Protein chains: 2
Amino acid sequence: MRTAKSFSCPVEAVVNLIGGKYKTVILWHLINNTLRFNQLQKQIPQATPKMLTQQLRELEHDGIVNRKVYPVVPPKTEYSLSQFGLSLIPVLDSMRKWGVEYIKSAGKQILSEK
Amino acid sequence: MRTAKSFSCPVEAVVNLIGGKYKTVILWHLINNTLRFNQLQKQIPQATPKMLTQQLRELEHDGIVNRKVYPVVPPKTEYSLSQFGLSLIPVLDSMRKWGVEYIKSAGKQILSEK
DNA sequence: CGGCATCCAATTAGATACTG
DNA sequence: CAGTATCTAATTGGATGCCG
């Protein structure tokens, strides 16, 4: 399921890879940042550890994020965008641009900080 | 749920609007095309009528697609991108570009026609 | 033709507790 | 700290049948 399957359109491929509930947000926070699990959790409090782990594992499995585990006590794990993940930035950015306009024009709610 | 809520990042807004299982595909088929319900069904056979209706209603509710019902017998309904929906084309296109590259590099499956 | 209603199966997500 | 395990709740999706 995680490996490429046939898509009726290429757009579908993207949704399959980064369409998960928290994936774009995770990716968003990882642009220009290497973050530990805990830091991600603080940035995305609406995601439970379980969900965060799951989404991160999928992103890792798809080669979008790097997971670097330091064999120390207490544990330390760092997440960052892989080379492949970096290639998604233009997509994320076009989404961001549109999202900003949308929120502006919808004008019903304000962005929460960050 | 369909109206704007607060997003921790604008990217999330896009996913919420067009992240639905068939939404990007629907949108994809509606670029440059006005299609009837039946035609959409043929283009997207993996979606049941129920799902298609549901996704279309959400897209309509979000002002992304226009639904034009002709009061004739037998019924005739045409779907097309709204002005707002047209603004999504750059996003869809950046996704498409990336998707094409992804599929190429994954190189495990071929695009089905169209 | 373009749906909607109903019922059910499957998938996804949350809460909570626990561990190397 | 960075998760896992388990159980349950909610959401999503499919099959089928019917209707204006």
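Scope of this entry: the structure provided in the associated data block. (Residues numbered from 1 in each chain as written. Chains lettered and ligands numbered in written order. Predicted model: local features only at pLDDT ≥ 70, side-chain atom pairs only at ≥ 80, totals over all residues. Heavy atoms only, no water.)

## Observations regarding the protein's contact with DNA strand C
Item 1. Close to DNA strand C lie 18 residues, the nearest being Lys50(A), Thr53(B), Arg57(B), Arg67(B) and Tyr79(B).
Item 2. Arg67(B) is positioned with one of its side-chain polar atoms (N or O) 2.8 Å from a phosphate oxygen of DNA strand C.
Item 3. A distance of 3.2 Å is found between a sugar or linking oxygen of DNA strand C and a backbone nitrogen or oxygen belonging to Pro75(B).
Item 4. Residue assignment for the surface near DNA strand C shows that the elements contributing at least two residues are helix H4 (49-61) of chain A together with helix H3 (37-43), helix H4 (49-61) and strand E3 (76-81) of chain B.
Item 5. Within the surface near DNA strand C, the residues separate by chemical class into seven nonpolar, five polar and six charged. (Near = heavy atom within 4 Å. Polar contact = N/O pair within 3.5 Å; in protein donor to acceptor, adjacent residues only side chain to side chain. Helix = DSSP H or I, 4+ residues; strand = E, 2+ residues; numbered from the N terminus. Nonpolar A, V, L, I, M, F, W, Y, C, P; charged D, E, K, R; others polar.)

## What about the pattern of salt bridges?
Residues and elements named next belong to chain A.
Item 1. As enumerated under the stated definition, the model contains 12 salt bridges over all chains in all.
Item 2. Glutamate 78 is paired through a salt bridge with lysine 76; the nearest N and O atoms lie 4.0 Å apart.
Item 3. Lysine 76 sits in the partly exposed class, given a relative accessible area of 27%.
Item 4. In this structure, the salt-bridge partner of aspartate 93 is arginine 96, at a minimum N-O distance of 3.0 Å. Highlighted residues: aspartate 93 and arginine 96, both in helix H6 (residues 89-106), separated by three residues, approximately one helical turn.
Item 5. Owing to a relative accessible area of 26%, aspartate 93 belongs among the partly exposed residues under this scheme.
Item 6. Among the charged side chains, a salt-bridge network with shared partners connects Asp93, Arg96 and Lys97. (Salt bridge = Lys/Arg side-chain N within 4 Å of Asp/Glu carboxyl O. Buried < 20%, exposed > 50% of the residue type's maximum accessible area, 1.4 Å probe, protein only.)

## Focus on helix H2 (residues 23-30) of chain B
Residue and element names in this part refer to chain B.
Item 1. Counting buried positions over the eight residues of H2 gives eight, a clear majority of the element.
Item 2. Among all positions of H2, only Lys23, Thr24, Val25, Ile26, Leu27, Trp28, His29 and Leu30 are buried.
Item 3. Asparagine 32 sits one or two residues past H2 and shows a positive phi near 65°.

## Concerning the sheet that holds strand E3 (residues 76-81) of chain A
Residues and elements named next belong to chain A.
Item 1. A sheet is described by the order of its strands in space; here three strands give the open sequence E1-E3-E2, paired in antiparallel fashion. Edge positions in the sheet fall to strand E1 (35-36) and strand E2 (65-70), since each of these pairs with one other strand and no more.
Item 2. Where E1 meets E3, two bridges bridge the pair, whose relative direction is antiparallel. Directly across from leucine 35, in E3, lies its bridge partner tyrosine 79.
Item 3. The strands touched by H4 within the sheet are E2 and E3, with E2 carrying the most contacts at an inclination of about 110°. (Pairing = 2+ DSSP bridges. Contact = heavy atoms within 4.5 Å. Axes fitted to C-alpha atoms, helices over the stretch in contact; angles between N-to-C directions.)

## Re the protein's contact with DNA strand D
Item 1. The immediate surroundings of DNA strand D are formed by 18 residues, with Arg36(A), Arg57(A), Arg67(A), Tyr79(A) and Lys50(B) found nearest.
Item 2. Here a phosphate oxygen of DNA strand D and a side-chain polar atom of Tyr79(A) are 2.6 Å apart.
Item 3. Contributions of two or more residues to the surface near DNA strand D are made by helix H3 (37-43), H4 and E3 of chain A together with H4 of chain B.
Item 4. Residues that form the surface near DNA strand D fall into these classes: seven nonpolar, four polar and seven charged.

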